[in-house]
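# Results of the structural survey
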Amino acid sequence: MTATVSAEPKRKLSERMLDGIEKAGNKVPHPVIMFLYLIAFVALLSAVLAAFNVKVSEEVAVPVNKTEIHRLQDALGGSVVPYDTSTGQIVSLPPVIIEQQTFEVKSLLSVDGLRFVFSSFVNNFAGFAVVAVTFIAMAGVGVAEKAGMMAALIRKLVKVAPPRLIAFFIIMVGVLSSVASDAGYLILIPLAAAAFVTLGRHPLAGLAAAFAGVASVFAVNILITPVDSMLTEITNEAIGLTGAKHIEITANLYFGIASSILMALVAVFVTQRIVEPRLGKWDPSIGDTAYGKTDEDVDTEAQAAEARGLRFALYGFLGMTALILLLTLPPGAPLRDPVTGDLIGTTPFMASLIFLISLTFLACGICYGKGAKTISGSGDVINAVTATFAGLSGLIFMLLMISQFIAFFNYTNLPRVAAVEMAHILERAGLGALPLLIGLIFVILLLDIIIPGVVPKWAIFAPVFIPIFVRLNVAPQTVLAAYRVGDSPMNSVTPLMVYLPFIVTVAQRYDKKAGLGTIISLMVPYVIAILSAWLLLFIAWWLLGIPLGPGSPISI
């Protein structure tokens, strides 16, 4: 009797396309080599364009150097004050001003360019903030992970949370994490992968879900964030060119809340209906066995130790909470703004969030280790931090090359020239308000590949587009909402995402063959779905004329 072998189910076209993206992406050279190639390409392109004297002129929002004014005041006894020459009255300095600037492509292969390449190499890396942020954030997290707190906490979360809602919770926390700047990338994404392992689901699906929440929905939140403060300041300075009414920091609040929740639901759909079916069942043998443990691997005695450790970790968390409250709540507290007394915005508290989060993980990890008896003394804590830092060595080398590429790319002015030229093309299109807003969204979407930062792009685009749309009776807050829609979706697939090497490193814990192509193929469905849903939400919001925030209508 002949046994029949069932044929493997035929994969859908979309799955085959994503498989192709993954294979092609994983054949890309090591990120260090890839960025060396990119640097060479930028150098040649900048030399060619500089030879043809390519340049653009545009009005941009420039931060006011208040530090220099204060230094002069101190040096001259407070006799230097800003005043209006037409009225003779003392005036307040705005956070940014609009200036006409000319941007010309500068060659990296010229004498000045080569001088910059060699003289700035050390400073480019020293000034690359993501390196310091990574070390600070991972110090506390590393202790908590080595002590076993992270795995125990995930197992506890999985037990108490409905399995079908885990993905939504993870993604929503990712959306909220923009309040803490980079913490979501470094902390939530590894946690999400581990949580999915505990549930018996594919860890790369958890990683992708968290990455989508953190990166592809970054520009909105249900809370007011430091990014909102910066975007509002730049918008108001651009409004100064038109005479229109200035906007408040809450101008996009309603739209931000609706976008956050809806995009999280869209990401859940993509995770459960597209990403997980494509990945299939996870085989722990393809990854590091240290990251593949589930509840079944934990015996009764270990569970008792975990419970005791989590109880001690709770004490540590409560202690840190009390400390943070003492530093923030009383009038004149150290982490309040020394002038306004605010907590939210550009304040010491917001600037301290990464350190406070790391410190909280450190305290909780030590307390957990004492309770679970996985930490016996200070030597274990130091060894945990040392081991964590050692594990980041490959990532740091990649960040060295990324920092050079970004610095050299910015030196050439290619990003600014491309941004301004695309803006001019859109302006000359002569479309109506809504098509022009949609065009703005797609321009921002494309430029996010080469200028991922939410604030730098807006500093270029706000002075260009705010006056255009005001003439069409479109409120500035509507232009800002459109900008938010275009800014975020591509964040998870742009090669200039500075945390992409870290995401690849996390993925390799669970699949040693994972590479850049693996991550991009996972994230493409999120980009398409989130962009489509967000675009439809924006169009519906416009057509229905719903206010974007308190006292913030769609039109002027």
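With that settled, the discussion passes to the nonpolar core. By size, the foremost hydrophobic cluster in this structure holds 156 residues, and its most contacted members are F211, W458 and Y526. When residues of this core are assigned to their parent elements, the largest contribution, 16 residues, is made by helix 22 (residues 516–544). Residues in contact with F211, not counting those within four places in the same chain, are Y185, I189, S216, S492, M497, L500, I503, I519 and M523.

What follows concerns the pattern of salt bridges. Enumeration over the complete set of coordinates arrives at 3 salt bridges. Here R115 ties to D112 by a salt bridge, and the two come within 2.7 Å at their closest N and O atoms. In this pair, R115 and D112 both sit in helix 4 (residues 111–126), 3 residues apart, roughly one turn of the helix. For R115, a relative accessible area of 49% gives the class partly exposed. Among the residues examined, D112 registers a relative accessible area of 47% and is labelled partly exposed. Residues E276 and R201 are paired through a salt bridge, measuring 2.7 Å at the closest nitrogen-oxygen approach. On the criterion of sequence distance, the pair formed by E276 in helix 11 (residues 253–279) and R201 in the loop between helix 8 (183–198) and helix 9 (203–215) is long-range, its members being 75 residues apart. Judged on exposure class, the residue E276 and its partner R201 are both buried.

Take the confidence of the model for the protein chain next. Low-confidence regions, as indicated by low pLDDT, have predicted coordinates that should not be scrutinised in detail. Here the protein chain averages 82 in pLDDT, and 82% of its residues register 70 or above. Taken as a whole, residues 1–7 scores under 50 in pLDDT and shows 0 contacts with residues more than four places along the chain or in a different chain.

Summed over all chains, the structure comprises 2 cavities of 30 Å³ or more. Size it by volume and the largest cavity reaches roughly 90 Å³. Lining the largest cavity, in full, are A219, V220, N221, L223, I224, D228, I249, T250, N252, L253, G256 and R484. For the lining of the largest cavity, the residue count by class is 6 nonpolar, 4 polar and 2 charged.

Between its terminal C-alpha atoms helix 18 (residues 433–447) stretches 21 Å, which fits the 21 Å expected from 15 residues at 1.5 Å a residue. Counting buried residues along helix 18, 11 of its 15 residues qualify, which places the element largely inside the surrounding structure. Every buried residue of helix 18 is accounted for by A433, L434, L436, L437, G439, L440, I441, V443, I444, L445 and L447.

Parameters at a glance
- Residues numbered from 1 in each chain as written.
- Predicted model: local features only at pLDDT ≥ 70, side-chain atom pairs only at ≥ 80, totals over all residues.
- Heavy atoms only, no water.
- Core = buried A, V, L, I, M, F, W, Y, C linked by side-chain atoms within 4.5 Å.
- Buried < 20%, exposed > 50% of the residue type's maximum accessible area, 1.4 Å probe, protein only.
- Helix = DSSP H or I, 4+ residues; strand = E, 2+ residues; numbered from the N terminus.
- Contact = heavy atoms within 4.5 Å.
- Salt bridge = Lys/Arg side-chain N within 4 Å of Asp/Glu carboxyl O.
- pLDDT = per-residue confidence, 0-100.
- 1 Å grid on protein atoms, 1.4 Å probe; cavity = no way out; pocket = protein on both sides within 12 Å on 5 of 7 lines; lining within 4 Å.
- Points joined across faces, edges and corners; volume = space filled by probe spheres on them.
- Nonpolar A, V, L, I, M, F, W, Y, C, P; charged D, E, K, R; others polar.
- Expected span 1.5 Å × (residues − 1).

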